[in-house]
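This is what each chain is made of:
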Amino acid sequence: QVQQNVERLFTRFVEEGKATVRLREPAVDLCLSKANVINLKTFLSAVRLAHQGSDAGVLPLSPLVPAKNSDVEKPKTKMIITSRRDYPLTKSFPFSLEHLQTSYCKLARIDSRVLSLRKLRKLDLSHNHIKQLPATLGDLVCLQELDLHDNHLEAFSGALCTSGLQKSLQLLDLSQNQIQALPLEFCQLRGLVQLRLDDNALLRLPCRIGQLSRLRVLSAARNKLPFLPSDFRRLSLENLDLFGNPFEQPNPLVPNIQLKIPLTLLECAARATVNHRIPYSCHLLPSHLCKDLEVAKTCRCGSACLSSFIQTTVTMNLHLVAHTVVLVDNMGGTEAPVLCYFCSLHCYSQFLDRHLQSQG
């Protein structure tokens, strides 16, 4: 089917017997080479007319000789470029690509031509100078592996976390960048199996990280994490690496008390909304309240608390959430501090009694 189905014709090198016909459906490039120049021009003219809906009888086509199998190239699905010199500046990327690597090319941003490769499953942009990710990266709905390690990223956009990558992305490598925090929406990337965050400047991990139920490999070594979020307990990992973070010494006896007594009406309503799983959305509540509800803290008793709570840190053996744990420090430890919240003085005092008894 050619009528209304030709997206673009590339004819810059037609005098050399080369041309490319880009179709819309299926999204493929028909690359022609070693063609007779006169016959090629006639063929391209016929394609244009067919695209516009002209009758087959008026198309300027001469009898075609079937191509030999040796003359037909299969659609290219993989391309690896590892130097600036080899990066294509005038040539387009084949639409059929499923695996593209462009490393060590000194790229300051992601090429817009790459963002149109809708069949991509693996994209490796490591060892470049990329500072920002475009929102259109989320349009690559087949993308399963994204490697961005050793770039200049300072953030990972929340818009990408709510795009088509939500379901498709399984491996994400953001190591060796300059990221200090990940957005709240990051935990909507529910398909993630491997996440690498080594050698950044992370001050915290996403508070809802436990929502990444498929995550099996997590590496966040050599960051600036003082503690882990309370939701970290919900993870079920195969491999975990948190080496080289400046974890604080847990001290349950010195809590951060943000408890307001009596509770405000807003706090009571928020707790009831979360505890009873009452549906809410930005159509019913102001957006800032929805965001607050999404990051509601969970007390050890299972109840929710919003802005009124008691916070402390406790020691957690990382083997509780991971089968294989890289040592946290050079002393051979596999323990790290994790945040702990209490919705009332009663819950905190019960915890404190148990803690003091365990200390002997």
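Every residue gets a number counted from 1 within its own chain, in the order that chain's sequence is written. Residues qualify for local features only when their pLDDT is at least 70, as the model is predicted, and side-chain atom pairs are given and counted only at 80 or more; totals for whole chains, interfaces and linings, by contrast, use all residues. Heavy atoms from the whole structure form the basis of all side-chain values; hydrogens and water molecules are not counted.

**Things to note about the environment of V321**
The line we're drawing: Only DSSP runs of H or I with at least four residues qualify as helices, and only runs of E with at least two residues qualify as strands; both kinds are numbered from the N terminus onward. Exposed residues in this analysis have more than 50% of their type's maximum accessible area, buried residues have under 20%, and partly exposed residues fall in between, with area computed by a 1.4 Å probe over protein chains only. A contact between two residues is defined here by any heavy atoms of the two lying within 4.5 Å.
Looking at the element boundaries, V321 is found in the loop between β15 (310–317) and β16 (322–326). Overall, the relative accessible area of 4% leaves V321 in the buried class. Not counting residues within four places of it along the chain, the set of residues in contact with V321 comprises F232, R233, L235, S236, L237 and L240.

**Overview of the environment of Q1**
Residue placement: Q1 occurs in the segment before β1 (6–10). The class of Q1 is exposed, set by a relative accessible area of 74%. Distance in space between the C-alpha atoms of Q1 and L23 is 9.4 Å, their sequence separation being 22 residues.

**Regarding the sheet that holds β16**
The condition that has to hold: Here, strands pair whenever DSSP counts at least two bridges between them. For every element, the axis is a line fit to its C-alpha atoms; helices are fit only across the contacting stretch, and the angle between N-to-C directions ranges from 0 to 180 degrees.
The sheet built from 9 strands is open, its strands ordered β4-β5-β6-β7-β8-β9-β10-β11-β16 with parallel pairing. Both edges of this open sheet fall to β4 (78–81) and β16, since each of them pairs with a single strand only. Between one strand axis and the next, the sheet turns through 5° on average, direction left out of account. Note: strand β8 (residues 171–173) against strand β9 (residues 194–196), 3 bridges, orientation parallel. Counterpart to D173 in the pairing with β9 is R196.

Structural measurements only, silent on function.
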